[in-house]
Each structure stands twice: as C-alpha cells, then as structure tokens.
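A structural walkthrough
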Amino acid sequence: MSQSFSSLNLHFDPLLPFWGILVLAGLCIIVLLFSLVNKSYKGLIWRFFAFSILLLWLSGPMIFKNHQQILPETILIMMDQSDSMSIGNRTKIANEALQQLQNKVPKNVRTKIVTVHNAYQQGTQLFQSIQKATDEIPASQLGGVVLITDGQVNDVPKKFPKFLTLPNQKTVPIYALLPASKEQTDRSLKILHAPAYTIVGKEATIQVQVNDTGSPQSGDATLTIMQEDKQPITMQVPVGKPQNITIPVTHTGKNLVGLSASPLKGEISEINNHQTLYIHGIRDKLRVLLVSSAPNQGERAWRSLLKSDPSVDLVHFTILRSAEQNENIPDSELALIPFPVNELFMQKINQFDLIILDSFENRYTLPSYYIASIANYVKNGGGLLLISGPEFAQQFSLQNSPLRSILPATVLSPTDVIEQKFKPELTNLGQKHPVTKGLNKDNSIWGSWYRYLKADHTEGEVLMQTPGQSPLLILNHVDKGRVALLLSDQIWLWSKGSNKNGPQAELLRRLSHWLMKEPELEEEQLSAFIKDQKLTVEWHTLTNNINNQDFTVTSPSGVVQPLQFKTIENGEATATIPAKEDGIWKITNGSLTAYAAPQTSDPVEMTDIAVTGQKLDPLLQQYGRMYWLGDTPNHLKVPDIHVVKHDKVNGNSSVMDFPEHVTYTTTKQSIHHILSPWLALIIGLGSIFMAWYRESFS
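Just so we're clear, the structure is a prediction, and the values are computed from it rather than from any experiment. (Residues numbered from 1 in each chain as written. Predicted model: local features only at pLDDT ≥ 70, side-chain atom pairs only at ≥ 80, totals over all residues. Heavy atoms only, no water.)

1. Focus on the overall build of the chain
From N to C terminus, the chain includes eleven helices and 38 strands. With 698 residues in all, the chain has 45% of them scored as buried. When the accessible area of the chain is evaluated, it comes to approximately 35,800 Å², of which 52% is carbon and sulfur surface. (Helix = DSSP H or I, 4+ residues; strand = E, 2+ residues; numbered from the N terminus. Buried < 20%, exposed > 50% of the residue type's maximum accessible area, 1.4 Å probe, protein only. Areas by Shrake-Rupley, 256 points an atom, 1.4 Å probe, with all protein chains shown as cover.)

Given below as structure tokens:
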C-alpha cells in the first residue's frame, strides 16, 4: 500500500522574460528623474508603489506544491513448480506456505510471485528466472527474495549475483523455504556416458554411477540390466563410483536398454532408481555389387546414389565386351584387370548386402552355375535388384536362366517392349508401402518415361505401374531374401532436369535400403513410446483388416492385457493404454514385437529428487537463511516478515528481515503566486489612478 504527502517550495520564476523586467525598471527610473528635474513630487510615492506591485506580480516569487507518494517495497517470491516438486506433498506444502506468506506481508509491502518450471534438459534454472524477474523491479524498491523450492537448483551461482546488489552496494537478502522437515534420503542412478550408435554385433560400453543422498556414499548396490526380450542380468556396483558395463547390440534400429538400481532403505522415492536409453544399431560398411552388361545412362544415377553414402562400399563392374567377341586383340590391351567372376559370384558373394544387375544381358557372360549362385544368395537372405530394358525380353535374358525361380515377373517376347510416352504412377498398395509412400505428393510434377516391359504374370507387391496398369516396380520376398524388379530402364530420365523431374534419388535410396532390410522400410512395422504415463502403439501395415490381429501388452511387472487398434488410415493404425509402471513394456502379436519405456522429459531434473539445502547453503549462509517448513501442509513453520532498517537486522531464526527502502515519486505539482495577480493588478491600477488624481487636483 502506498502513502501520499505534500511538500512546499518557494521559487522565484518571472512571468515576463528578463528584458521585460529591465524595460519596466527603466520606466520607473525615467519617471523618478522626470519628477526630480521638475521638482514635482506629487504622486511619486504612488507611482513607485504601483510599479512595485506590478513588478512583484510579473516577476515575483511563487510557491510550488509537490504532491508525492511513497512507493511500496517489493518482495520477490519464486515458486518452484519443476517436475521434482510434484513428488509427495511438496506442491501442497508450497501452495500453503505461499498463502500464509501473503497473509503475513505488511501493508506497505507488495509481493511479486513468479512460477518457475524446469528448463528443457537443464533442470531447474531458478536464478536465471530471478534475474529476469528483477529486471522488471526498480532496484530501489526490491526488498528481498523468497525461494519456495525443494533445493534441487541447477544454477546456484558461486558468487553473489550482481543483479541482487542495490545501488548503495548492499545485498538483497535471500530466504529459502523447503517443503520438508529435514534433509531427505534418496538413491539415484545416473548414466554418465552412453554411445548413440554402435555397430550391430558388437558391444556398447555404458558408464553408470549409483549415488546416495542423505547417507554415506559407501557399500554396494545391485544393478539390474534389462534388454528387450533377454533375461535380466544383475551385478554389484560400488556406490558413488563410476562403473562401466557392456551391452550387446543385436539388431539394427533402436535397441532398448533398461537399468535399475536396488532401493535404499528410507529413500523418498524410487522414481530415479531406473533409467532407460536407446542405442541405435547400425551396420558396418554396406557392401553393394553393381554389374552392368553394357554402358548405359542409368549407371551414373546408381553410382551417384551409392557413392554419396559414406556407409556404402560399392564394387562396380561394366562389361564392355562379350565373351564371343574375338577381335584378336592382345590381352595386354583388353583391360587393366580381368573380371573376377569366380571370386565375386562364388567365393565372396555372401559378403555383399545387395547385388544390382543393371540392364544385364547374359550373353555368354556368366556360366549358369554362377547365375544359380546368385539365386541361392537371395534365398539365403541376400538382396537383388534388377533394372530391365529390352534385353530382358531377348534370348539371353536372365528370365531364361536359373534366376527365373526367384524373379517376380516374366516377359513373353520382344513385342512386349512398349515404347511410348507415359508417366509412372503409384498403385493403391504403393500408396501405403514404406518404399513408395509419400512419393506422389504432387504427381503432376513427375516427368515422363518412354519405354517399359509388359509383364506376363507377377508375384509379390506391385508398387508402381503405367497409366494402363501394367506393372513397373515389383517387390517380392524369396525365402530369407528379397528381390526387386524395375520393368523399365529409364528411371535415369528423372535426373536429367528436362521433361520435369521425379523422386529418383529418394526412390532408389528407399529401394536399396528395403532390399538390405532396414527396419524403417519394412512392410509391417510396430513401434511404441510412453509419454505422460500413456503407452502409444503405432502399427504400419498393408492389411485392411486389423481386427483379427491378436496383440498383447506385457507390463514390467508381468501383467498381460490385450491391445485393440481402433483407427486405421493409409496403412497406419494406433492404440493407446495407460502405462504407469517404470520399466520395459512389451507389445507383440507373435510375429511383430515392439518395446517401450518411460522417458523423462528432463533427465537432469529427475536425477536428484530429495529435498536438500546443500546446493543453496553456501549462498544462504552469507546472504540469507534457510527454513524447513515441515512434512504436512496442515502443520507448517512459516516465518514472519519484518521490514526493518539495515542497522537493526536481527538474527531471529523465525523471522525473515527485509531492509527498509523509502522511495518517493511525484504524482503532480501545483503553482501558487504569493500575491494574487488580480489583486496586484487592482492595487497597481488604483495606485496609478491615485497618482494622477493627486497631480491633477492638488
């Protein structure tokens, strides 16, 4: 509450400029001299009196009346509402303490309340919020700062901050109210280091540490390691010391790992005894074999794509001359190296992740047993991509070789090579398949092709077709491996920049990664995540019937419950159920399996959750005081608020003393002449009249 008062100041402020006063004074002197020369003293006194009154009126003193107001002192109250304050009764205790504080505030003091939430990935940044709040309060009005917090503050300054220092170089007092009766006991598990990526088949090294708060950092704790569907592993780790553990990375994509430390007797909560992390499994160098039976326009597209990926090791051969061509050329002039057929297609074929046969015509190039080796490679888990042109419909086509058993389509005769302008388009299945989904956001910008092969029959999944519904791109699963067949050799036209472009690079990238079994391009995908204690499961499927799929959810405690997907659109189905348990959740239907675990939005904030004064104590010992409110909202020990002079601050532990600041502001100002202008005018005119009368009738 503000107080008002008034003050009076005497001020000489002429109404006329200085030269006007000199003119009036000169006239008085002239009149005086004229009277002395003529020895006429009649009316002289009245003239002097009239002119004096006029001068007093025009340039005389005035009274300034200032109306001032005492500004109230401001106490800044910082309310910690970070995630750690939600544990137990802390929020209720903090709100009740705030209510009682507001009831104890003196009348001449006002409060500014600021709520603070934990900053993203940075914990509670309380003093950063104090600095922002003090920028809005004049330093002459800031009486002090009250922190209602659990003490888990991550930006406590080592020195007293300058923004809490007053212009007179005195410091602003800081008081902390903690929602507990004493220091609390807690155990926390911290992940000090974990790799984001690890090569599949190798082990990832994770560094962890178990810390105890409120008890000695000694002894051992039991650490439990859980990894998806593997059996849990337990080991003893020392408390307070870093410990390295190894985790095998078994598959590409996300590998979910759960870590749990045994509970500490009497600890406030076990919520920070658990940690989960994802380690992305990546392959080592992906080895790709690209073989072209003759130079063609598509080679450059494949080389640009595969060579731009640093994780791909490309081996490329182009057959410039068939075996039956004999032009009596010396061997020294034929090639720098011979084509290592036996090494590539027999000895080391299983070392490749993908084989690409680009417009390959087997005109005495490879004996049949090498072609059969490629077929066996695919059946045992390899990937094969064929880009077919007119040679696919000729006598020496691969469809007339042992490779026919794994091909998803055949072409009867050379008459089925269609040469006409057309624009490729996606099939209904291609709209949902991960390899081609989203490629046709604007189909009108796709450029035209001018040749395709008309297939006799197909197996597998047709993702692209001509406007006449003739298949263009076919994918098929063959035993453990995969085959993709592109029934046109003109995809390179999409990279020329003429006749409009198309999604060539993205399509070829997805196609090659699907053949190499990258998880994000599987036809059937199941993924899950937990947020705000809700488990959300996302299922990408090519089927239109989701009701016959029996999915179950297994909680960390082993409780099994059915999962029903409710919505499906463009191959996407979702389901959501409550998930309040910490640990790894498992979702499966027998063939598809996904895992999920709760992930805290701010690991820094939830690592240390015990109410403690240790972080604030070094600062408060010199510039304030700490108060323990209690454990229940109904019986709090909230200190009183006293505003005192700097030299009268006492050490009473039950009172928060704030130094008195007296600051004024002028609300308005009024001006008053000593002599009323109208009265001075009347007296002056009357004096002139009397002088004239005396001189005229005396």
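2. Observations regarding unusual backbone geometry
One non-glycine residue with positive phi stands out, namely serine 359, at about 50 degrees. By the secondary structure assignment, serine 359 is in the loop between β17 (354-358) and α7 (368-379). On the accessibility criterion, serine 359 (11% relative accessible area) is buried. Positive phi values are uncommon outside glycine, yet glutamine 469 reaches one of about 65 degrees. Note on placement: glutamine 469 falls in the loop between β24 (461-465) and β25 (471-478). The exposed category is assigned to glutamine 469, whose relative accessible area is 61%.

3. Details of empty space enclosed by the protein
Throughout the structure, instances matching the rule amount to four cavities of 30 Å³ or more. Reported here for the largest cavity is a volume of approximately 70 Å³. Together, Asn296, Gly298, Ala301, Trp302, Asp358, Ser359, Ile387, Asp489, Ile491, Trp492, Gln504 and Leu508 line the largest cavity. Counting residues per element, the lining of the largest cavity draws most heavily on helix α5 (residues 298-307), which supplies three residues. A class-by-class count of the residues in the lining of the largest cavity yields six nonpolar, four polar and two charged. (1 Å grid on protein atoms, 1.4 Å probe; cavity = no way out; pocket = protein on both sides within 12 Å on 5 of 7 lines; lining within 4 Å. Points joined across faces, edges and corners; volume = space filled by probe spheres on them. Nonpolar A, V, L, I, M, F, W, Y, C, P; charged D, E, K, R; others polar.)

4. Let's talk about the pairing of strand β27 (residues 525-531)
Successive side chains on a regular strand alternate, one facing one side of the sheet and the next facing the other. Going residue by residue along β27, you find Leu526, Ala528 and Ile530 tucked away on one face and Gln525, Ser527, Phe529 and Lys531 left uncovered on the opposite face. Between β27 and strand β28 (residues 534-540), which follow one another and run antiparallel, lie two residues, and aspartate 532 among them has a positive phi close to 55 degrees. (Pairing = 2+ DSSP bridges.)

5. Some details on the sheet that holds β24
Judged by pairing direction, the sheet is mixed, and its eight strands sit side by side in the order β16-β15-β17-β18-β26-β25-β24-β21 without closing on themselves. Single-partner strands in this sheet number two, and they are β16 (312-318) and β21 (425-426). As defined by bridge partners, β17 adjoins strand β18 (residues 383-387) across four bridges and the pair is classed as parallel. Residue pairing in the sheet places isoleucine 356 in a bridge with leucine 385 of β18. Across the face of the sheet, α7 comes into contact with β17, β18, β25 and β26 (481-486) while running at roughly 120 degrees to β26. (Contact = heavy atoms within 4.5 Å. Axes fitted to C-alpha atoms, helices over the stretch in contact; angles between N-to-C directions.)

6. What about the environment of proline 106?
With respect to the helices and strands, proline 106 occurs in the loop between α3 (90-104) and β4 (109-116). Its relative accessible area of 22% is what places proline 106 among the partly exposed residues. Through-space distance from the C-alpha of proline 106 to that of aspartate 640 is 9.9 Å; in sequence the pair is 534 residues apart. Contacts of proline 106, omitting those with residues within four sequence positions, involve Ile641 and Val643.

7. Points about the environment of lysine 190
Note that lysine 190 resides in strand β7 (residues 186-193). Counting along the chain gives 84 residues from lysine 190 to histidine 274, while the straight-line C-alpha distance between them is 8.8 Å. When neighbours within four sequence positions are excluded, lysine 190 is seen to be in contact with Gln207, Val208, Gln209, Asn211, Thr607 and Asp608.

8. Describing the sheet that holds strand β30 (residues 560-563)
Read across the open sheet, the four strands follow the order β30-β29-β33-β34; overall the sheet is antiparallel. The open sheet has two edge strands with one neighbour each: β30 and β34 (593-596). If you compare each strand with its neighbour and ignore which way they point, the axes differ by 20 degrees on average. Bridging between strand β33 (residues 585-588) and β34 involves four bridges; their strand directions are antiparallel. Bridging across to β34, threonine 588 finds its partner in threonine 593.

9. Thoughts on the layout of surface pockets
Approximately 1,100 Å³ is the volume found for the largest pocket. Lining the largest pocket we find 40 residues, and of these His251, Thr252, Gly253, Lys254 and Pro519 sit closest to its centre. Elements with a minimum of two residues in the lining of the largest pocket: β13 (253-261), β14 (274-282), β27, β28 and β34. Top contributing element to the lining of the largest pocket by residue count: β27, with six residues. Its residues assigned to classes, the lining of the largest pocket shows 14 nonpolar, 13 polar and 13 charged.

10. A short note on the pattern of salt bridges
If you walk through the whole model with that rule in mind, you get 15 salt bridges. A salt bridge links aspartate 640 to lysine 104; the shortest N-O distance between them is 3.1 Å. Here aspartate 640, found in strand β36 (residues 640-644), pairs with lysine 104, found in helix α3; they are 536 residues apart in sequence, far enough to count as distant. Judged by its relative accessible area of 34%, aspartate 640 is partly exposed. For arginine 187, the salt bridge is made with aspartate 212, and the minimal N-O distance between the two is 2.8 Å. Residue arginine 187 is located in strand β7, and its partner aspartate 212 is located in strand β9 (residues 203-213); the two are separated by 25 residues in the primary sequence. Accessibility assignment for this pair places arginine 187 and aspartate 212 in one class, buried. Each member of the salt-bridge network shares a partner with another, and the members are Arg283, Asp353 and Glu518. (Salt bridge = Lys/Arg side-chain N within 4 Å of Asp/Glu carboxyl O.)

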